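# Topology and contacts: notes
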Amino acid sequence: MTIRSACLVLLSCLCLPAFSQARLAPAAATAPVANVKEAANNASHVRYRADYVVEADATYTETDYNDILVKTKTGVDAYSQVRLNYSSKHETLDVLEAYTVGPDGHRRDVPKDKIYSQESYSSVSGPMYADFKVKVIVFPDLAPGSHLVYSFRKHVLHPTFRNYFRLLETFTPFEEFDDAEVTLQAPSGMPMHLFTRDVQGGKPVVAGDRTTWRWQYRRTEPLKAQTFAAETWAYGPVVMASTYSGFAELGRAYDIKAKAAAEVTPDIRKQADTITQGIGGRREQAQAIYEWVAKNIRYVAIYLGNGGYEPNSADSILANRYGDCKDHTVILEALLAAKGIPSSPVLIGAGGGPEWSQVALVERFNHAITYVPEFDLYLDSTSPYARFGQLPGGDLGKPVVHTRDGRLAYTPDNNAERNFSHVTTTFRYDAAGNAKGETAIEIGPVGEIGLRGGFAQVNAQVRSMVEQSFLGRAGLIGSGKLELHGDATDLRQPFDYGFEFAADDVIDFSVPGGMTLPLPPGSGSLRNNYQRYANPTNEVPFHCSDESREEETYVLEFPAAVKLDAIPKNVEFHNAAGQYSARWQRDGQKVTAVHVLQMKSVHGARALCQPQDYALYRALMQAVRRGFRAQVVYGDLAPQH
């Protein structure tokens, strides 16, 4: 198992189904659902509408409608509440209607007191985000075979950026759509950059000074669930529109308010001087400032956009000591600037794939980090466990736009130089079959960040539970001792750990037998990776741009009284997805096995894998599975008379 850092949130750019105020057809409302042994899916979109009317200043009105047929109990649980996000400062949102239609055709309207507004996660996380609300619709009398119908109208009073309108409508291939339609109407003179895939229509119709586009989509047989899938917009049916010509224009538009928020005030300058007191070098000053922000500005985990696209001022962030990702870039920029070190916010699509959307959508980015050109470094101060110059795995190899100059780039690749682990486990057996030993961990920057986050939670109270958990996961009964090498919160020093163990009744040497390599106590094992590839095929494109190297060394020391008969042969396997090797060596009563798995990107770090590429990864993992089946044979195999 590669010990990886916890990834940031997945792309937030997938739209929830959007729906217009068209009425439910009577036949669809009253028709009961046929009894079937097993539903093909949990719900289907019987009628789906999304209508956008854009004004010359890029404000717009969106009217959505949806009629969903719920087929299973899981579907009931998923749709019993619908949550609609909006900004009370920049938008109005009105629910036009909401009701259910039971299998018997009976309609039941949602009571007014079951449609209410509440604070969004953004608002709960901090008062600075108090204008972000959620309109909640709680549907009554919902059971398998019911329709739920609702429509709402959202009026966007202020565009995200000046003259910026964008539209993103996706249709996941894993759901059924009987009748879906998206309509866009805008002034004819407004620049509108469009991209569509696997939808019908889209021919512009001009009437007076307005232009209208209309797209239809239908899918009656949804795909079965897949093991791996990229974001729907990257490969599936989609409608995209943007008034901006490209991501450079979008980045510069974001920077207008972000730059103003990062003003160097007397309080900011005083704090920067305090942080860097006694530190002379510019890189050392930058490191001290980064570490101070990472440790002292509490990260309010809000998706980019859910807290708005306008960051708070550096002064307010300093006073409150918390902020979202945009705020982290602001205060880090301001503190660095106070010491004469320029930096720029960077919008990044963290946690997703390497591809760009075909038009300039701000939804392509769900996170903001910092770039310091003087040192050519990307910094993510929202991660309190990333050392200066390290990035969490979800930030690596991702498309970014530098907002200061609009430059498009990628963060450093998530490759085997950053994403590696080497686990060495020693088992010393006695004649009774008990064992003592230790597991040592050597890990790369990506995994180190995750380790710090996990072990920062370990204290004396829970340490024994962690130690017993390590033993239990390895299938052992006994005792263990966890040794932390470094302080998980000290970003100036490397961090890893080791685990010593003593286990009872591990193996029975009284009879001849064969043993596979034991699980390493205190670590996962790459032998379990094949479980993720159990499905024979994968029918959609998937992410495969992250590369890694996992090495596991096993040292087995047998007592002198145990006769060793055979050790396995060496194994080599490679294809376009990577390479795997298992090498065995015997030195007297000591057997050493080294397993190495190196994963590669089939099409390079900038491309998705296609469905046919799945077979390559599955074959590679099958080789690993077989390699770990090999056994050390021991005991007197001579026939007994």
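In the block above lies the structure referred to throughout.
This is a predicted model, so every value here is computed, not measured. (Residues numbered from 1 in each chain as written. Predicted model: local features only at pLDDT ≥ 70, side-chain atom pairs only at ≥ 80, totals over all residues. Heavy atoms only, no water.)

### Quick notes on a positive patch on the surface
Worth spelling out the cut-off: Patch members must show over 30% relative accessible area and no salt bridge, and they are joined within 9 Å when carrying like charges or within 5 Å when they are nonpolar side chains of Val, Leu, Ile, Met, Phe, Trp or Tyr. Every accessible area reported is derived by Shrake-Rupley at a probe size of 1.4 Å, with residue values counting cover from the shown protein chains alone. By definition here, a salt bridge exists when the distance from a side-chain nitrogen of Lys or Arg to a carboxyl oxygen of Asp or Glu is within 4 Å. Neither His nor the chain termini are counted; the positive set is Lys and Arg, and the negative set is Asp and Glu. Lysine's charge is taken at NZ, arginine's at CZ, aspartate's at CG and glutamate's at CD. Secondary structure follows DSSP: runs of H or I at least 4 residues long count as helices, runs of E at least 2 residues long count as strands, and numbering of each begins at the N terminus.
On the surface, a cluster of positive charge is contributed by Arg 618, Arg 625, Arg 626 and Arg 629. Relative to the elements of secondary structure, Arg 629 occurs in the loop between α12 (614-627) and β33 (632-634).

### Re helix α6 (residues 266-275)
Put simply, the rule is: Under the scheme applied here, a residue whose accessible area is under 20% of the maximum for its type counts as buried, over 50% as exposed, and between as partly exposed, the area being computed with a 1.4 Å probe on protein chains only. Arc definition: it is the arc formed by the directions from the helix axis to the C-beta atoms. Throughout, a contact is declared for two residues whenever any of their heavy atoms are within 4.5 Å.
Ile 268, Gln 271, Ala 272 and Ile 275 are the residues of α6 that are buried. Buried residues of α6, seen end-on, are gathered within an arc of 100 degrees and therefore sit on one face of the element. The exposed set on the far side of α6, more than 90 degrees from its buried face, consists of Pro 266 and Lys 270. Turning to α6, the residues buried within the fold contact α7 (282-296), α8 (314-320) and α9 (325-338).

### Notes on the pairing of strand β7 (residues 132-138)
Heads up, the rule is: Only strands joined by at least two bridges in the DSSP assignment are considered to pair.
Counting buried positions over the seven residues of β7 gives six, a clear majority of the element. Two strands pair when backbone bridges link them, and strand β3 (residues 81-87) and β7 are joined in this way by seven bridges, in the antiparallel orientation. Residue pairing across strands places Leu 84 opposite Lys 135, the latter belonging to β7.

### Focus on the nonpolar core
Going by this rule: We define the nonpolar core as a collection of buried residues of types Ala, Val, Leu, Ile, Met, Phe, Trp, Tyr and Cys that are connected through side-chain atoms lying within 4.5 Å of one another.
Within the largest apolar cluster, 53 residues are counted, with the highest numbers of intra-cluster contacts made by Tyr 429, Phe 558 and Tyr 580. With six residues, α12 is the largest single contributor of residues to this core. With near-sequence residues (within four places) excluded, Phe 558 lies in contact with Tyr 429, Phe 509, Met 515, Leu 564, Gln 589, Val 591 and Val 632. Membership of the second largest hydrophobic core comes to 30 residues, among which are Ile 268, Val 293, Ile 331 and Leu 377.

### Observations regarding the sheet that holds strand β21 (residues 399-402)
In plain terms, the rule: Simply put, an axis is a line fit to the C-alpha atoms, just over the touching stretch for a helix, and the angle between two N-to-C directions goes from 0 to 180 degrees.
The five strands lie next to each other as β20-β19-β18-β21-β22, forming an open sheet whose pairing is antiparallel. Single-partner strands in this sheet number two, and they are β20 (377-379) and β22 (407-410). Adjacent strand axes in the sheet meet at a mean angle of 35 degrees, parallel and antiparallel pairs treated alike. Bridge analysis of β21 against β22 gives four bridges, and the strand direction is antiparallel. From the neighbouring strand, Val 400 faces β22, where its bridge partner is Ala 409.

### Brief notes about the state of the cysteines
Stated precisely, the cut-off is as follows: Pairs of cysteine sulfur atoms within 2.5 Å are what we label disulfides.
Counted under the stated rule, the structure contains one disulfide. The disulfide that involves Cys 544 links it to Cys 609, with 1.9 Å between the sulfurs. One quick way to see it: the torsion about the S-S bond of Cys 544 and Cys 609 is about 95 degrees, and its sign makes the bridge right-handed. You can see Cys 544 sitting in the loop between β27 (513-515) and β28 (548-557) and its partner Cys 609 sitting in the loop between β32 (590-599) and α12, a full 65 residues away along the chain. On the accessibility criterion, Cys 544 (7% relative accessible area) is buried.

### Focus: the packing of aromatic side chains
When we look at a pair of aromatic rings, we describe it by the centre distance and by the angle of the planes. Rules: Note on aromatic contacts: the rings of Phe and Tyr and the six-membered ring of Trp form a pair at centre separations within 6.5 Å, being stacked when their planes are under 30 degrees apart, edge-to-face when over 60 apart, and tilted otherwise.
Taken as a whole and judged by the stated rule, the model has 36 aromatic pairs. For the pair Tyr 52 and Tyr 60, a centre-to-centre distance of 6.2 Å together with 45 degrees between the ring planes defines the contact as tilted. For the residue pair Tyr 52 and Tyr 60, the accessibility class agrees, reading buried in each case. For the pair Tyr 429 and Phe 558, a centre-to-centre distance of 5.5 Å together with 25 degrees between the ring planes defines the contact as stacked. One end of the pair, Tyr 429, is in strand β23 (residues 420-429); the other, Phe 558, is in the loop between β28 and β29 (564-566), and 129 residues separate them in sequence. With a relative accessible area of 7%, Tyr 429 lands in the buried category. A relative accessible area of 6% places Phe 558 in the buried class.

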